[in-house]
Amino acid sequence: MSRIEQRHVAVSMLRSLLYFLERQGLNAPALARDAGLLHATLADRERRVSSTYYAALMQAGIERTGNPLLGLEFGMAVEPDRWGLLGVLVTHCANVGEAIRFQLRFQSLVSTVGEAALVMQDGALALRWATPATTAPALTEEALAAYVTFGRWATGQTTTAPSCVHFRHPPQAKPARYEAFFGCPVRFGQPHDELLLSPGVLEMPLRNPDEDLKRWLASRAERLRDTGNDEDVRTQLAQWLAQQLPFGVPTLNEAAATLTRSPRSLQRELEQADTTFKACLADVRRSLADHYLRDPSLSIGDIGVLLGFSEQSAFQRAFKRWHGITPRAYRRRLAD
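Draft legend 1. Quick peek at the pattern of salt bridges. A full pass over the atoms with the stated rule returns 15 salt bridges. Its salt-bridge partner being D34, residue R33 comes within 3.9 Å of it at the nearest N-O pair. The buried category is assigned to R33, whose relative accessible area is 13%. As a salt-bridge pair, E269 and R261 come within 2.6 Å of each other at their nearest N and O atoms. Salt bridges linked by common partners bring E98, E211, D212, K214 and R215 together as one network.

Draft legend 2. Main features of helix 4 (residues 51-65). For helix 4, with 15 residues, the first-to-last C-alpha span of 21 Å sits near the 21 Å given by 1.5 Å per residue. Of all the residues in helix 4, the buried ones are S51, Y53, Y54, L57, M58, A60, G61 and I62. Backbone geometry just downstream of helix 4 places G66 in the positive-phi region, at approximately 70°.

Draft legend 3. Structural detail: the packing of aromatic side chains. Per the counting criterion, the structure on display carries 14 aromatic pairs. Taken together, a centroid distance of 5.9 Å and an interplanar angle of 40° make the contact between F150 and W153 tilted. In this pair, F150 and W153 both sit in helix 8 (residues 137-155), three residues apart, roughly one turn of the helix. Pairing F181 with F182 gives two aromatic rings, centres 4.8 Å apart and planes at 65°, and the pair type is edge-to-face. Like F182, F181 is buried.

Draft legend 4. How the structure looks around the nonpolar core. Counting residues in hydrophobic clusters, the biggest one holds 73 residues, and the most contacted among them are L14, Y54, M58, W83, F182 and L195. In terms of residues, this core owes the most to one element, helix 8, which gives 10 residues. Excluding anything up to four places from it in sequence, L14 contacts V9, L37, L42, V49, Y53, Y54 and L57. L245, L307, F309 and F319 belong to the second-largest nonpolar core, a separate cluster that totals 34 residues.

Draft legend 5. Highlighting the packing of helix 14 (residues 277-292) against helix 16 (residues 312-323). At a minimum axis separation of 11 Å, helix 14 and helix 16 run at an interaxial angle of 95°. As far as their axial angle goes, helix 16 and helix 14 are roughly perpendicular. Taking contact as the criterion, the partners of A282, R285, R286, A289 and D290 in helix 14 are, on helix 16, F315, F319, W322 and H323.

Draft legend 6. How the structure looks around the sheet that holds strand 7 (residues 194-197). In spatial order, the strands read 3-4-7-5-6; together these five strands make up an open sheet with mixed pairing. The strands lining the two open edges of the sheet, one partner per strand, are strand 3 (115-121) and strand 6 (186-187). Pairing analysis gives seven bridges linking strand 3 to strand 4 (residues 124-130), with the strands arranged antiparallel. Note on strand 4: the bridge partner recorded for A117 is R128. Packing of helix 7 (residues 96-106) onto the sheet brings it into contact with strand 3 and strand 4, and relative to strand 3 it is tilted by some 130°. Packed onto the sheet, helix 8 meets strand 3, strand 4, strand 5 (164-166) and strand 7 and runs at close to 140° relative to strand 4.

Draft legend 7. Region of the structure containing the environment of P209. Tracing the backbone through its elements, the reader meets P209 in the loop between strand 7 and helix 10 (211-227). The spatial distance from the C-alpha of P209 to the C-alpha of H92 is 4.3 Å, given a sequence separation of 117 residues.

Here is what the cut-offs are and how they apply
Residues numbered from 1 in each chain as written. Predicted model: local features only at pLDDT ≥ 70, side-chain atom pairs only at ≥ 80, totals over all residues. Heavy atoms only, no water. Salt bridge = Lys/Arg side-chain N within 4 Å of Asp/Glu carboxyl O. Buried < 20%, exposed > 50% of the residue type's maximum accessible area, 1.4 Å probe, protein only. Helix = DSSP H or I, 4+ residues; strand = E, 2+ residues; numbered from the N terminus. Expected span 1.5 Å × (residues − 1). Phe/Tyr/Trp six-rings, centres within 6.5 Å; stacked < 30°, edge-to-face > 60°. Core = buried A, V, L, I, M, F, W, Y, C linked by side-chain atoms within 4.5 Å. Contact = heavy atoms within 4.5 Å. Axes fitted to C-alpha atoms, helices over the stretch in contact; angles between N-to-C directions. Parallel < 35°, antiparallel > 145°, perpendicular 65-115°, else oblique. Pairing = 2+ DSSP bridges.

Below, the structure written as structure tokens:
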């Protein structure tokens, strides 16, 4: 994990995607587990984590459903809850223009996968979404579809449409499927990913304006944005360990290289956080074990392998140290 700027998403986005994938008939807990997402991580909706989790979940969903338009359809199913505090805030704005201004101002609370901007070009108004060239098409399609879906819901105007939609990537299915949703021409292979809008759209009123609530929510969003969400070294290490354990027990040197530190520097930072590499590894294994035992599709042997134990007996001994009972007895207790 590099110290350069990390792209992130709010946990509310991950939870929304997992719920959506579950509605597609997929095993959401298994998908979260495969992505290395800890149960404790998903508990805090406003927390921001690496966007690699979001991209991995989306790709896994596409592969398992065989649906190349999964991202577009996820965007079509957006609800304010997906955007956490920001979703509630923009719901209570006076009009579309004000909602977009707050969206741009606080977009980092939800995601930095891309950066939205409202631009004028050749007399046309565009809500543009800029991302690295390597961004998966599904993530871009989700973002633009979500803007349109939310706008229709918030205004109560279900037929409102952009004047045109541009995507940089080629179509992932027949273009007619895109146009059926957006309600306008959709062009691919364009210089930018963007929604072209009529300036009059900005003046469209929203259904639930509330000036006092909007001011209070904006103040809270300001504080949340300014305090940031820099993950401490324990959190970074725990997330990486969770991803690596199914492939074996990682070493301190491997962890230090991934976190762009020397082994000595990593040890020192962990000591300052009142922990050690060995203690972090045990904590991650214990947390994952508790989570995995809630999944009846996993055998005790499977869980031992996922936690990097070479033998089931080693896992059972470790689990008994943590909880005082065997994994099987713990699972029975959960079922009672």
